[in-house]
Amino acid sequence: MRKKLLAAGAALAALQAVPAYAKDVVIHAGTLIDAVGNTPRRQASIVIKDDRIVSVENGFVPGPAGAEVIDLSNSTVMPGFIDVHDHITGGGSRRDRLRGTAAQQGMQSVWNVREILKGGFTSVRDLGGNIEVLTALQGAINEGLVPGPRLTISGPAISPTGGHSDPSNGIDPAWDRHDQWKMTVIDGPSEAMRAVRELRKRGAQVIKIHSSGGVASVGDDPTLQLLNDDELKAIVTTAHSLGMKVASHAHGKAGVDAAIRAGVDSIEHGTYADDETYRLMKERGTFMVPTLFAGREIYDVAKATPDKLPPTVAGKAIAVTPTMTQNALGAYRAGVKMALGTDQLGWRPHGENAKEFEYLVTAGVKPMDAIMMGTRNAAELLGKSGEVGSIQKGRYADIVAVEGDPLQDIKILQSVRFVMKGGKVYKANGEMLADK
């Protein structure tokens with residue numbers, strides 16, 4: 001019996017020692033924008049094993065014996081795009097705070113992430129959604145149950161009473177809920193620290209805050225600083241001690257500058273920033289995420305159908321949106337580090353994230369720099385440069401391709417023909433494979 005057990009153990013050990021089947025793929029790229037350098041490469045081969053890039057070779061090479069060859073020799077190939085400010089639970093019933101449910105958000109979000117991936121975005125940072133819905137969705141994507149981008153999530157944003165994300169704004173104060181709906185509404189440094197720790201416990205990987213008022217919220221003023229300096233410092237210190245970055249929604253200069261001085265990692269919007277602000281951002285290495293998509297999205301609604309917006313929101317949207325474009329150009333010319341974020345609010349269907357490239361270029365950003373904002377720069381902001389954002393050895397095989405030259409026509413990025421995430425092809429010849 002002992003000999004049989006020893007033999008079985010040896011056989012099991014031998015099986016465990018056999019390497020798992022490795023899938024080898026070679027992509028032949030006619031033009032390669034690898035986001036490592038700023039100059040496109042002609043005729044390059046991307047060698048992939050399983051979910052990672054093994055090497056990038058000059059010319060069209062066959063790769064390892066038996067490797068699958070994907071012919072993109074007539075295409076421009078780039079890293080998967082990254083949106084560092086999205087709201088993937090948005091749209092549909094999510095906009096109704098009284099009747100919308102978490103289950104409805106979940107169903108909407110499954111559709112949203114598929115459309116976002118379809119558009120070539122293989123990584124997304126969600127800032128401000130339902131933490132339970134997002135952690136469940138993140139797990140489903142990671143397990144291959146739902147097609148979608150790699151997610152980095154914050155959960156609900158931290159805001160003071162009456163601030164941009166206080167969910168009770170505009171609602172009869174006699175109404176109440178019993179599901180911790182105001183978990184991240186804080187007043188004072190101690191409550192701020194608690195909120196950061198609670199979010200991390202529930203699965204957040206980044207912290208979002210509102211240091212100023214907002215546009216799409218009722219009753220607050222986007223030009224005012226709402227979180228005070230002590231609260232800001234408590235949030236940033238606590239988050240950084242836990243290895244988490246902090247993204248600050250901020251429109252007004254006071255809220256923007258205070259957040260930068262407190263040590264946040266990125267300013268989202270930055271509408272009323274000025275030259276002094278840009279100097280401060282460069283000194284601190286703070287990123288600007290201008291979110292021109294959101295400005296256009298809500299501006300169009302405010303102009304065409306203002307009755308669809310809550311009171312005061314339409315007026316704020318019309319006043320703020322043009323200035324957002326000026327800020328994007330100002331930050332760019334000043335040399336501030338910038339990353340692409342759409343801040344899609346759900347007024348338009350998800351999946352149009354690549355319009356942000358167009359809006360950046362229209363504002364005055366060079367096409368190659370806009371592409372870097374949505375790849376290399378975005379990966380740096382996420383703290384994931386070693387995993388995503390470029391096509392080079394060791395990175396995930398997150399790869400997209402378009403027909404034509406996006407450096408001549410940036411709108412081409414809105415018509416992605418090929419999408420690979422982690423070595424798996426999700427879209428080919430312009431069609432999602434699941435649709436076939």
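Right above here is the structure, for reference.
Quick caveat, the model's predicted, so the values are computed rather than measured.

What counts and what doesn't
- Along each chain, numbering runs from 1 in the same order as the chain's sequence is written.
- Given that the model is predicted, a residue must reach a pLDDT of at least 70 before its local features are reported, and side-chain atom pairs must reach 80 or more before they are shown or counted; all residues, however, enter totals for whole chains, interfaces and linings.
- Only hydrogens and water are set aside when side-chain values are computed; all heavy atoms of the structure are taken into account.
- In this analysis an axis means a line fitted to C-alpha atoms, helices contributing only their contacting stretch, and an angle means the value between N-to-C directions, from 0 to 180 degrees.
- Secondary structure follows DSSP: runs of H or I at least 4 residues long count as helices, runs of E at least 2 residues long count as strands, and numbering of each begins at the N terminus.
- Each angle gets one of four labels, with under 35 degrees taken as roughly parallel, over 145 as roughly antiparallel, 65 to 115 as roughly perpendicular, and the rest as oblique.
- Note on convention: near helix rotated counterclockwise from far helix by under a right angle means a left-handed crossing. Clockwise means right-handed.
- The contact definition used throughout considers only heavy atoms, calling two residues in contact when any of these lie within 4.5 Å.
- Only Asp, Glu, Lys and Arg are considered charged, only Ala, Val, Leu, Ile, Met, Phe, Trp, Tyr, Cys and Pro nonpolar, and every remaining residue, Gly among them, polar.
- Here a strand pair is declared whenever DSSP counts at least two bridges between the two strands.
- Every definition here rests on a 1 Å grid over the protein atoms only: cavities are sets of points where a 1.4 Å probe fits but cannot get out, pockets are open sets enclosed by protein on both sides within 12 Å along at least five of seven lines, and lining residues have some atom within 4 Å of a point.
- Grid points are joined across faces, edges and corners, and a volume is the space filled by probe spheres set on the points.
- The criterion for an aromatic pair is that two Phe, Tyr or Trp rings (for Trp, the six-membered ring) have centres within 6.5 Å, with stacked assigned to planes under 30 degrees apart, edge-to-face to planes over 60 apart and tilted to the rest.
- Residue burial is assigned from relative accessible area. The probe radius is 1.4 Å, only protein chains are included, and a residue is buried under 20% of its type maximum, exposed over 50%, and partly exposed in between.
- Placement of a positive charge over a ring is assigned whenever Lys NZ or Arg CZ falls within 6 Å of the ring centre and within 35 degrees of the normal to the ring plane.
- Salt bridges are counted wherever a side-chain nitrogen of Lys or Arg sits within 4 Å of a carboxyl oxygen of Asp or Glu.

## Here's the deal with the packing of helix 6 (residues 253-262) against helix 7 (residues 275-284)
Their axes nearest at 10 Å, the elements helix 6 and helix 7 cross at an angle of 15°. Between helix 6 and helix 7, the angle falls in the class roughly parallel. In the crossing of helix 6 with helix 7, the sense of the turn from one axis to the other is left-handed. The segment helix 6 lies against helix 7, with K253, V256, D257, I260 and R261 engaging E276, T277, L280, M281 and R284. Across the contact of helix 6 with helix 7, the residue classes tally to four nonpolar, one polar and five charged.

## Overview of the sheet that holds strand 4 (residues 68-79)
Pairing is mixed across the open sheet formed by eight strands, whose spatial order is 3-2-1-4-14-15-16-17. Each of the sheet's edge strands pairs with one partner strand only, and the pair in question is strand 3 (52-58) and strand 17 (431-432). Along the sheet, helix 2 (residues 102-118) contacts strand 15 (418-421), strand 16 (424-428) and strand 17; its crossing angle with strand 15, the most-contacted strand, is approximately 115°.

## Focus on empty space enclosed by the protein
Inspection of every chain in the model, using the stated rule, returns one cavity of 30 Å³ or more. Taken as a whole, the largest cavity holds about 30 Å³ of empty space. In this structure, the largest cavity is lined by L292, G295, R296, T321, M324 and T325. Sorting the residues of the lining of the largest cavity by element identifies helix 8 (292-304) and helix 9 (313-334) as the ones contributing at least two each.

## Quick look at the packing of aromatic side chains
Scanning all chains against the criterion turns up four aromatic pairs. The interplanar angle of 65° and the centroid separation of 5.0 Å between the aromatic rings of F81 and F357 together place this pair among those described as edge-to-face. Taken together, the residues span a long stretch of sequence, with F81 in strand 5 (residues 81-86) and F357 in helix 10 (residues 355-363) at a distance of 276 residues. A relative accessible area of 0% places F81 in the buried class. Residue placement shows R150 over the ring face of Y396; its charged tip is 3.7 Å from the ring centre. Over the aromatic face of Y359 sits the side chain of R296, whose NZ or CZ is 4.2 Å from the ring centroid.

## Some points on the pattern of salt bridges
Within the structure shown, the criterion is met by 16 salt bridges. A salt bridge links R41 to D34; its shortest N-O distance comes to 3.6 Å. With a closest N to O distance of 2.6 Å, K253 and D257 form a salt bridge. Here D257 and K253 lie together in helix 6, a separation of four residues that amounts to about one turn. When its relative accessible area of 23% is taken as the criterion, K253 is described as partly exposed.

## Re the sheet that holds strand 11 (residues 245-250)
Taken in spatial order, the four strands line up as 10-11-12-13 in an open sheet, and their pairing is parallel. A strand with exactly one partner marks an edge of an open sheet, and here the two such strands are strand 10 (206-210) and strand 13 (287-289). Within this sheet the neighbouring strands show an average axis-to-axis angle of 25°, counted without direction. Of the pairings in the sheet, the one linking strand 12 (residues 266-269) to strand 13 comprises three bridges and is parallel in character. In the strand pairing of strand 13, I267 is matched with M288.

That's the geometry; what it means functionally is another story.
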